[in-house]
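Residue-level structure breakdown
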Amino acid sequence: MHQRTKTAAAVALALHSYAALAQQAASDTPARVEITGSRIRQVDLETAQPVLKVTAEQIQSTGLVTVGDILNQLTAAAPPAFSKGATLTSNREMGGQFIDMRNLGSERLLVLVDGKRWTQTVDGYTDLSTVPSSMIERIEVLKDGASAIYGSDAIAGVVNIILKKRLDGGQLSIYKGQNKSGDGDNEDFSLSYGVNGDKGSLMFGLTHSSQGTVWAKDRAITSTTYGPDHATDGLGVGEFGRITAVGPTGASVTSAAAGGFNKYLNHTGTWANPGTGSASNNIANYHDYVSTNGDDKYNSTSQMMFQAPVRLTSIFTKGTLELPNDMHFSTTAMFAERTSSTQNAGYPLNSLTKSNYPVYVDADSYYNPYGNQALGAGNGQDLFFYRRLVEVPRVTENRNQTLHVDATLSGAFNALGHEWNWDVGYNHSQVRGTTHSTGNINLINLKNALGPSFMNASGVVQCGTAASPIPLSQCVPFDILGGPGASTQAGLDYIMSVGQGTYGSTVNSATANVTGELFTLPAGAVGIAAGLEHRSVSGYDEPGQFEQSGYSTDLAAYSTIGKYTVKEAYIEANVPLVKDVFLVKSLSLDLASRYSDYSNFGSTTNSKVSFMWKPVDDLLARGTWAQGFRAPALGDTFGGGSQSYDTYLDICDSRYGQAATNPAVASSCAAAGVPATFRQVNATGAYITSTGGSQTPYAFDTGVGNGNLRPETATTKTLGLVWSPSFVKGLTTSLDWFKIHVDDRITSVSVKYTLEQCYLYGVQAFCDNIKRDSTGQITSLSRGNMNLGALETEGLDLGLQYRFPRSQYGQFNLRSDTTWVKSYKIKSTADSDWVSYVGEYGYNRLKSNLSLDWTRGNWNATYTMRYQSAVKDECWDTDVECSNPEGEASFGTGYNRLGSLTYSDLSVGYATAWKGKIIVGINNLFDKAPRITYSGQSSGTSVDPNLPLERFFYVRYNQAF
């Protein structure tokens, strides 16, 4: 379908293109085109909904390669759902790019390509990186709810990527960019070619792009977890062996009074420059472990990526065919393969990494300094150990393949004295992917490797005993206490595990649409559009069998398999009410409603009313009231879940839980078999010491699907003005108010909520998900998703465009977009209080982009400033990096104010005489340095990976032929 926005450039393009067709048909009727946010074709490209357009030229002037990076710079965009620096993120979306509009979540934004739904993951996210930027004509962003027009997900808005319609000849584009330090290489290559004729057109494109690795260790500010001022505070489990005694419950015992000890292997070097360890089986080679000694710890950031690399290759083709009887056939096909990888520090092992499968250094191990071979037969003991396996960092490779094919047959007919347009189409989108991970440990083999072992006659350490040896082909002993220098490749190969998983989703849809004019009123014709859609969605996410078993240090995960179908019908009408009277140059209403029938939860109807009023030619007033919804994603409903070690307070704890003060809760706990004197214990077996509770020693099941989920519902209100004063030619300004309210949020249920629903409110369905042992300890808990609470945001969007009069110095154009957020708040449950987040990190009160474009002859340039207002960040301590220790924030009392940020970008282009164009640019022109934040999205550092790290240089060459 034809997609257009309201800007003057688009008007000129549309009228020029359609005027040619009109001439051929000997008709003077103005062309009617379809605009994002409405299915009704119309001449006036001003709409009742605010639509932002980004052109292909503006895309190239940003110096960015992918659609996701480009859209994430919009003022209405929040930090992306999955950060490039969140390398510990284990979901299948890692490596993709997802836009979050107004902090409402990427899953609440609908992404279209040429008006058709694009691919989605099992959890409902659309990866924008799979759309080749070289084939884009423009991007239209509808900053308004549109479920009545497009159906589910269009709560925060709609991103409609408009691809080139046709291409005459070929185009080649080559791009290279990197940070000033020489890393973070970005490359892009694209080749496209098209032919046109009287009977049709064909276009082909090939794209390859890559974004290089940035290592955290390569810059002082990112080389440690919390930055240079707190270099040792983020140090973790050391790379040499730490040993303690094993208590009766299997927990670590360090108290000498309880017969314990706490030792660490002697070694050379420091935490910043690690050395080598001493012989691990000699008790004299150990010293007392003191937690304040940083040299006995490890800087995990030294092995971690700050920004993960991504490679994308895509093949694209688009064709049209003119058919008899004024019919047209068009088809689009695209295949993209994305590969990404993440690296994190080697696994921080201890004997209770998986409490259901503890692993100790056996008393009969050759490497046990407190063992029978070291202290004499019968004098040895098992050891509880801690050790980070830095020899094998954890690496995950994600290979993702996306296939999209669509076909549309369209035409026109006359009815009721007017011309009508129709189309029928089929849309197929498929995502397939595999993950491959290394660096996790096979706990079964590790237990064997740390079990009984001895030095054989050949001087080789062997599993088993001299009397009952185990062949080296079946078991390889591992010196886990000796550090990296003591590890052998054979030992590492034996204990390491290889993880794998497969995932995919498929969306098939068939559509039929018709649009035209019913009749004419005094103010104009009544336009109408109606259509039907049938969509089937299926998907799966299947971890490897070993990961599902729970015998890997990787958290166990379980299969997700599901599908659903939806049948939909919509109708939209545009009714002109008044025209050419005093203070009403024009006034019209747009009415729309969509009925959706889902196989997994039932039906829903969502409607919209919007108006457009021009009191005078220069001024347009517009507004919308719209209902919206988001259907549960496959993962929400059918999710198999995964394991998690949650921190919680047991409501039945007889000292700190509600059972201590609420007789009703105590009675419920007793009825469930919990002893009256029950005390919650932590991972070491000790009683908890505060209402903060502790981390569970048993893995709980999280993310489990809920077949009873209802769709989220939303109400969107907008009201705005567009002013184009005739006395200032070239100036257009817009101001739009928005307010979006979401109810029945689909969100993860907490352990606290699960326990309260069972023991405080007596909901048996929650009690069925809790299992306890004979002492009362929770050994199993399953929690998934529910419809809970609400979300609301309100603010203003301000837009400005001014085309200066042309002068001897060239043509200048000014563009500005600003978003101001009045409020952003969340209710976690229906009965809880609202919690405000606006003004905190990631929830900027104000964001603004200002661009100045210049052209003169063959030269052009763009200078852009991007502004973000000051934010509240978490304090380091009440008197350290804490500007407002008494200030209130969602995370508690006390926050540290981080000042506003302004970044400048510059690009300069020159068009050659041989149809080429050279573009050079610098992003972060003034080299604004990164800053520390304790609320960012990086797994290994406290620097936000979504903000510029330093000055970035790039060059692009385009060649037409």
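Here the structure is a predicted model, which is why all the values come from computation and not from measurement. (Residues numbered from 1 in each chain as written. Predicted model: local features only at pLDDT ≥ 70, side-chain atom pairs only at ≥ 80, totals over all residues. Heavy atoms only, no water.)

Quick notes on the sheet that holds strand β51 (residues 892-898)
Strand pairing in a sheet relies on backbone hydrogen bonds, with the paired strands running either antiparallel or parallel. The sheet built from three strands is open, its strands ordered β49-β51-β50 with antiparallel pairing. Here the strands that pair on one side only, and so sit at the sheet edges, are β49 (871-873) and β50 (884-889). Here the average twist between neighbouring strands, direction ignored, is 65°. Strand direction decides the pairing type here: β49 and β51, joined by three bridges, are antiparallel. (Pairing = 2+ DSSP bridges. Helix = DSSP H or I, 4+ residues; strand = E, 2+ residues; numbered from the N terminus. Axes fitted to C-alpha atoms, helices over the stretch in contact; angles between N-to-C directions.)

Overview of the pattern of salt bridges
In this structure the tally under the stated criterion is 38 salt bridges. Between Arg387 and Glu391 there is a salt bridge, with the nearest N and O atoms lying 2.7 Å from each other. Arg630 serves as the salt-bridge partner of Asp636, at 3.7 Å between the closest nitrogen and oxygen. You'll find Asp636 and Arg630 in the same group, each marked buried. (Salt bridge = Lys/Arg side-chain N within 4 Å of Asp/Glu carboxyl O. Buried < 20%, exposed > 50% of the residue type's maximum accessible area, 1.4 Å probe, protein only.)

Quick notes on the environment of Val65
Here Val65 is to be found in the loop between α2 (56-61) and α3 (67-71). You can call Val65 buried: its relative accessible area is 6%. With 111 residues separating them along the chain, Val65 and Lys176 place their C-alpha atoms 9.7 Å apart.

Some thoughts on the domain arrangement of the protein chain
When the domains of the protein chain are assigned, the result is domain 1 (242-306 + 347-391 + 447-498) and domain 2 (647-695). Using only C-alpha atoms to locate each centre, domain 1 and domain 2 end up separated by 35 Å. (Domains from an automatic or database assignment.)

Overview of the sheet that holds strand β8 (residues 136-142)
The strand order across the open sheet formed by five strands is β3-β8-β9-β6-β7, and the pairing between neighbours is mixed. The strands lining the two open edges of the sheet, one partner per strand, are β3 (51-55) and β7 (116-117). In this structure, strand β6 (residues 109-113) lies alongside strand β9 (residues 157-163), joined through five bridges in parallel fashion. Within the sheet, the bridge partner assigned to Leu112 lies in β9 and is Asn160.

Topic: the packing of aromatic side chains
In total, this model carries 24 aromatic pairs according to the counting rule given. Relative to Tyr551, the ring of Tyr357 lies with its centre 5.1 Å away and its plane at 75°, an arrangement referred to as edge-to-face. Of the two residues, Tyr357 is situated in the loop between β23 (348-350) and α5 (372-375) and Tyr551 in the loop between α8 (545-549) and β31 (560-581); the sequence distance between them amounts to 194 residues. According to the relative accessible area criterion, Tyr551 is partly exposed, its value standing at 32%. Between Tyr648 and Phe700, the ring centres sit 5.7 Å apart and the planes meet at 50°, which makes this aromatic pair tilted. Note that Tyr648 is positioned in strand β36 (residues 647-648) and Phe700 in strand β38 (residues 700-704), a separation of 52 residues in sequence. The buried category is assigned to Tyr648, whose relative accessible area is 7%. Take Phe700: its relative accessible area is 0%, and that puts it in the buried class. Site record: aromatic cluster; members linked through ring pairs are Tyr564, Tyr598, Phe601 and Phe629. Over the ring of Tyr289 we find Arg242; its NZ or CZ atom is 4.3 Å from the centre of that ring. (Phe/Tyr/Trp six-rings, centres within 6.5 Å; stacked < 30°, edge-to-face > 60°. Lys NZ or Arg CZ within 6 Å of the ring centre and 35° of its normal.)

Describing the confidence of the model for the protein chain
When pLDDT drops low, the exact placement of atoms in the prediction is not to be read closely. Averaged over all residues, the pLDDT of the protein chain is 90; the fraction at 70 or higher stands at 95%. In the predicted structure, residues 1-30 sits below a pLDDT of 50 and forms 54 contacts with residues beyond four places in sequence or in another chain. (pLDDT = per-residue confidence, 0-100. Contact = heavy atoms within 4.5 Å.)

Digging into unusual backbone geometry
Within the chain, Asp153 stands out as a residue other than glycine whose phi angle is a positive 85°. On the accessibility criterion, Asp153 (6% relative accessible area) is buried. Phi at Glu881 is positive, roughly 50°, even though this residue is not glycine. Take Glu881: it is sitting in the loop between β49 and β50.

Some remarks on the state of the cysteines
All told, the structure shown has four disulfides when counted by the stated rule. Here Cys463 connects covalently by a disulfide to Cys475, the sulfurs 2.0 Å from one another. One quick way to see it: the torsion about the S-S bond of Cys463 and Cys475 is about -60°, and its sign makes the bridge left-handed. You can see Cys463 sitting in strand β28 (residues 461-463) and its partner Cys475 sitting in the loop between β28 and α7 (489-495), a full twelve residues away along the chain. The same class applies to Cys463 as to Cys475, namely buried. For Cys875, the disulfide goes to Cys882, at an S-S distance of 2.1 Å. For the disulfide bridge between Cys875 and Cys882, the dihedral angle about the S-S bond is near 60°, and by the sign convention the bridge is right-handed. Counting only the cysteines that form disulfides, in the order they appear in the protein chain, gives the pairing 1-2, 3-4, 5-6, 7-8. (Disulfide = S-S within 2.5 Å.)

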